[in-house]
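# Remarks on the overall topology
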Amino acid sequence: MADGANPESSAQGSGETRREFLYLTAGAMTVVGAAGAIWPMIDSMNPSADVLALSSTEVDLSPIEEGQSVTITWRGKPVFIRRRGAEEIAIAEETPLADLPDPQTDDDRVEKPEWLILVGVCTHLGCVPLGQKTGESRGDYGGWFCPCHGSHYDTSGRIRKGPAPKNLEVPPYVFLTDNSIKIG
Amino acid sequence: MSFKTNNKVVQWVEDRLPLISMGHHTLYEYPMPKNLNYLWNFGSLAGFALVTMIVTGIILAMQYTPHVDMAFNSVERIMRDVNNGWLIRYIHMNMASFFFIAVYIHIMRGLYYGSYKAPRELLWQLGVVIFLLMMATAFMGYVLPWGQMSFWGATVITNLFSAIPVVGESIVTWLWGGFSVDNPTLNRFFALHYLLPFIIVAVVVLHIVALHTVTSNNPLGIDMKGPQDSLTFQPYYTIKDLFGLGVFLILFAGFLFWAPNYMGHPDNYIPANPLSTPAHIVPEWYFLPFYAILRAVPDKLGGVLAMFGAIAVLFVLPWLDRSKIRSCKFRPVARVFFWIFLLNGLFLGYLGGKPAEGWYVVASQIATAYYFFHFLILLPVILPMIERPRELPSSIHEAVLKS
Amino acid sequence: MKKILSGLFAAALGFATVPAYSAGDAVPLPKYEWSFDGVFGTYDKASLQRGFQVYKEVCSACHSLDLIAFRNLADLGYNVDEIKAIASEYTVEDGPNDEGEMFERNAIASDYFPSPFPNEKAAAASNGGKAPPDLSLMAKARVGGPSFVRALLTGYEDAPEGFETGDLSYNKYFPGHLIAMAPPLSEDSVEYGDGTAATVDQMAADVSHFMMWAAEPKLEARKNTGVKVMIFLIIFTLVMYAAKRKVFAKVH
């Protein structure tokens, strides 16, 4: 098989700069074109318009009694809503910040102390902690207990013991009336 | 191999897996005839189209649902809600057509310049295999949106197999996974539509290995005799291919952004309805010549055989055309018949889009007969008797200097 | 050589332009001008809103619009509160609730337009055996697109002498001329908020415009992107051509 001749290799002089410039421009445009074509495909994997349209949900709180917890679905994840009793609130509020791996006051985590609203996903590796149903383990601090790797959360959903690095996340929500909220 | 490096890591890899020198050889120093015209751009354009189809197809598969109740709406969800979904889906739709345009021109170029002749017979046959796989893939892909044309196209084409004597009915039932085109059919078509393109890639690799063994044909149809006849792939043909790609994409973008449904069929925006057949069922444009051949024969089995025969005859073409001269440039009679063959093929395509009635039927029969006449009688029997080829130049270099 | 090349190319394109369907024996459609035609075409929001009004007050009695959600009406120029108000005029079925019952509630922006009939059989039964087709994709699902819809809506006339229509209506533009849909529009079927006179032709134009949007909501984004891509591709091709000329200049 014969190797091709390359007449350009002997070419020198004035044409050189112009040729280099053309090559550079050609190469750059190819790269820009490819990137411009690939971006829409990558972006297509982001949440679509119909998914974003369902990204908020309204909840009626009136049927929930004191001490009761309910789980609802928001953006495909469980959201824990607990109507806390006076004792639970007191424990949550009086815990010294020094005892907390991720220090945060209870006041920062609720709109109204009676209602604790949390994303029910353990901040360690994404399991759903126990403690919503009566009879389930609530861990050492009376809140939630993640069975996957043993993280304990308190009555404010704050991490107290175990591998999880952060407190349970509080989703964005607003009270529409005294008895209904909109999450998201 | 002229690839050398001072980088120790690269050299270490190179000694164990010569990937870089292979790439260097294929895309850099590989010798190409220096007299190629723009018709030699369509191989790389077809390759570009294949990659585009695979990339957009994988993205679409992430959003598509292969179920009879959800397929149609999942495609519409892509068109409406998925970010840039309309763009990706329209690229996939229109690039399918442009893939066929590139491949048809590539095939016609091969026919005109005798690129199927020794020593390129296997190269040509691999190309025919790619063409067949493309047709199967395109057909199954068209079923996926589950519109009226999807459904009835699938019904008609799968029913072709019922023409096979004795076992035909069982084969069709097996293809369907039921007693009509239904959910199992859609599911398997989706699976195969996802699989076949990768098999095409594998055959394309073989096609290129064969090409690099026998090197490219050229408009003169004579072999390269030394460095004076050739150019290295880089930069000559990389730049030329990129320029060709630019022109190709400009045409493509014209359809994509201003007439994305032009090559499609309005009926496919109606969800599939197994109880109501549209007034005119026609396949996508790239199948029309073969569809015309199918309908030209007034016998079920005969029509199916004629259609598959139209492609099978391409497999044996290297031995049907007995002329030692490759390029039609030096074959004054074959050249004329090439153009007649091309026009006849276009005419078949036109007829395939018309209803099977009146003079269209007779015309299809004549055109079909001519198609086979060209390959089976004209090339092997008549041309050798009447054609006196012109004298070949002694080398590519000399011919280029003269022009 | 050039001849062969251009010949092949023209042939390939000509091949592509053989329409993959035949229009049958239908009457040629009138040539309408649409704001969304052409290289830079866009939808006319005022017309879309009027067309939506025609759909809501006339068509929606029988025709569903399954693929359109209320949130999509933002494309017509409505703001969030207006969309909420429009949605709340409709009731949709939701559930099951904690008692396991389905219940009705007012629609919200993320809901889709409810169908006038619970299923296709019910739609057919209430309409003389022929279910009114969904309108979401109507403007792309017929040869002629929005122009066909507009022509059809204005194409009702008396059947020619001796043409038996039975329970059906005679329409100049409908394939076969016999259509199950009675003339849907009459002078002032709706009262436009912007003072436009609600002639049959005006309403037909507006609702066809609206249906084109429903079928192809991304048309404006498509043409917009197209112009940018085309400019890039032309520059790209010119640079490649210059580089190709330069590279091949010394080849003999």
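Keep in mind it's a predicted model, so treat the numbers as computed, not measured.

Another point: the overall build of chain C. The number of helices and strands found in chain C is 7 helices and 4 strands. Secondary structure elements in chain C, listed N-terminal to C-terminal, are α-α-α-β-β-α-α-β-β-α-α. Within chain C, buried positions represent 43% of all 252 residues. A separation of at least 24 residues holds for 61% of the contacts in chain C among residues at least 6 apart in sequence. If you sum the accessible surface of chain C, you get close to 13,000 Å²; carbon and sulfur atoms cover 55% of it.

Here the focus is the interface of chain C and chain B. With 52 residues of chain C at the interface, the matching set in chain B holds 60 residues. Carbon and sulfur atoms supply 77% of the area buried between chain C and chain B, which totals about 5,200 Å² over both sides. Inspection of the chain C/chain B interface yields 1 salt bridge. For Arg71 of chain C, the salt bridge is made with Asp81 of chain B, and the minimal N-O distance between the two is 3.2 Å. For the interface between chain C and chain B, the tally reads 9 residue pairs in polar contact (both at pLDDT 80 or more). Listed by contribution, the elements that provide at least two residues to the side of chain C that touches chain B are helix 1 (2–17), helix 6 (200–215) and helix 7 (219–248) of chain C. The leading source of residues in the side of chain C that touches chain B is helix 7 of chain C, at 18 residues. Counted by class, the side of chain C that touches chain B contains 35 nonpolar, 9 polar and 8 charged residues.

All names here are of chain C. The feature "binding site: heme c" (unreviewed entry), as given by UniProt, occupies Cys59, Cys62, His63 and Met181 in the numbering adopted here. A compact arrangement is adopted by the annotated residues: their sequence extent is 123 residues, whereas the largest C-alpha distance between any two is 10.8 Å. In this fold, His63 is placed in the loop between helix 2 (45–57) and helix 3 (80–88). By relative accessible area, His63 is classed as buried at 11%. If sequence neighbours within four positions are ignored, His63 has contacts with Tyr55, Pro116, Pro132, Pro133, Leu135 and Met181. Topologically, Met181 is positioned in the loop between strand 4 (178–179) and helix 6. When its relative accessible area of 25% is taken as the criterion, Met181 is described as partly exposed.

Moving on: helix 6 (residues 121–143) of chain B. Helix length check: helix 6 of chain B, at 23 residues, gives a terminal C-alpha distance of 34 Å against a target of 33 Å (1.5 Å per residue), a fit within 8%. Among the 23 residues that make up helix 6 of chain B, 17 are buried, leaving the element largely enclosed by the rest of the structure.

This next bit is on the nonpolar core. Counting residues in each nonpolar core, the largest one holds 173 residues, and the members touching the most others are Tyr371 of chain B together with Leu73 of chain C. Ranked by residues supplied to this core, first place goes to helix 5 (residues 85–112) of chain B with 18 residues. In terms of domain composition, this core takes at least three residues from each of domain 1 (36–66 + 120–219) and domain 2 (69–112) of chain C. The contacts of Leu73 of chain C, once residues within four sequence positions are left out, are Phe52, Tyr78, Ile83, Ile86, Phe113 and Trp213 of chain C.

The strands making up a sheet associate through hydrogen bonds between their backbones, and the pairing can be parallel or antiparallel. Residue and element names in this part refer to chain A. A sheet is described by the order of its strands in space; here 3 strands give the open sequence 1-9-8, paired in antiparallel fashion. Of all the strands in the sheet, just strand 1 (57–60) and strand 8 (173–177) have a single pairing partner and so form its edges. Averaged over all adjacent pairs, the angle separating strand axes in this sheet is 25°, with direction ignored. For strand 1 and strand 9 (residues 180–183), the ladder comprises 4 bridges, and the chain directions are antiparallel. What sits directly across from Val59, in strand 9, is Ile181.

Right, let's talk about a negative patch on the surface for a bit. Residue and element names in this part refer to chain A. Together, Glu93, Glu94, Asp107 and Asp108 line one region of the surface with negative charge. Listing elements by their share of the negative patch, those giving two or more residues are helix 3 (86–94) and helix 4 (106–109). Relative to the helices and strands, Glu94 resides in helix 3.

What follows deals with the side chain of Asp106 of chain A. All names here are of chain A. Mapped onto the secondary structure, Asp106 falls in helix 4. On the basis of relative accessible area, Asp106 is assigned to the buried category, the value being 2%. A polar atom in the side chain of Asp106 sits 2.5 Å from the side chain of Ser156. Beyond its immediate sequence surroundings of up to four residues, Asp106 is in contact with Arg84, Ala92, Glu93, Ser156 and Arg158.

Moving on to the interface of chain B and chain A. Taken together, the contact pairs 24 residues of chain B with 21 residues of chain A. If you sort the residues of chain B by the area they bury against chain A, Asp81, Asn83 and Tyr236 of chain B come out on top, with a joint share of 23%. The interface formed by chain B and chain A contains 1 salt bridge. If you look at where chain B meets chain A, you find 9 residue pairs in polar contact (both at pLDDT 80 or more). Elements represented by at least two residues in the side of chain B that touches chain A include exactly helix 2 (19–29), helix 3 (42–61), helix 5, strand 2 (230–232) and helix 10 (233–258) of chain B.

What follows is about the domain arrangement of chain C. All names here are of chain C. Its domain assignment divides chain C into domain 1 (36–66 + 120–219) and domain 2 (69–112). Just the C-alpha atoms count here: the centres of domain 1 and domain 2 sit 25 Å apart. Listed by partner, the interface residues are 9 residues for domain 1 and 10 residues for domain 2. In total, about 870 Å² of surface goes out of reach between domain 1 and domain 2, with carbon and sulfur atoms giving 61% of it. Of all residues in domain 1, Gln49, Phe52 and Trp213 bury the most surface against domain 2, accounting for 54% of the area lost on that side.

On to the state of the cysteines. What is meant by a disulfide is a covalent connection between two cysteines, made through their sulfur atoms. All names here are of chain A. Inspection of the entire model under this criterion finds 1 disulfide over all chains. One disulfide in the model links Cys127 with Cys148; its S-S distance is 2.1 Å. Given an S-S torsion of about -100°, the disulfide between Cys127 and Cys148 has left-handed geometry. Taken together, the residues Cys127 in the loop between strand 4 (115–119) and strand 5 (142–146) and Cys148 in the loop between strand 5 and strand 6 (151–154) connect sequence positions 21 residues apart.

Conventions we followed
- Residues numbered from 1 in each chain as written.
- Chains lettered and ligands numbered in written order.
- Predicted model: local features only at pLDDT ≥ 70, side-chain atom pairs only at ≥ 80, totals over all residues.
- Heavy atoms only, no water.
- Helix = DSSP H or I, 4+ residues; strand = E, 2+ residues; numbered from the N terminus.
- Buried < 20%, exposed > 50% of the residue type's maximum accessible area, 1.4 Å probe, protein only.
- Contact = heavy atoms within 4.5 Å.
- Areas by Shrake-Rupley, 256 points an atom, 1.4 Å probe, with all protein chains shown as cover.
- Buried area = accessible area lost by both parts, 1.4 Å probe.
- Salt bridge = Lys/Arg side-chain N within 4 Å of Asp/Glu carboxyl O.
- Polar contact = N/O pair within 3.5 Å; in protein donor to acceptor, adjacent residues only side chain to side chain.
- Nonpolar A, V, L, I, M, F, W, Y, C, P; charged D, E, K, R; others polar.
- UniProt positions renumbered as here; feature names shortened; annotations may be inferred.
- Expected span 1.5 Å × (residues − 1).
- Core = buried A, V, L, I, M, F, W, Y, C linked by side-chain atoms within 4.5 Å.
- Domains from an automatic or database assignment.
- Pairing = 2+ DSSP bridges.
- Axes fitted to C-alpha atoms, helices over the stretch in contact; angles between N-to-C directions.
- Patch = residues over 30% accessible without salt bridge, like charges linked within 9 Å, V, L, I, M, F, W, Y side chains within 5 Å.
- Lys, Arg positive; Asp, Glu negative; His and termini not counted.
- Charge placed at Lys NZ, Arg CZ, Asp CG, Glu CD.
- Disulfide = S-S within 2.5 Å.

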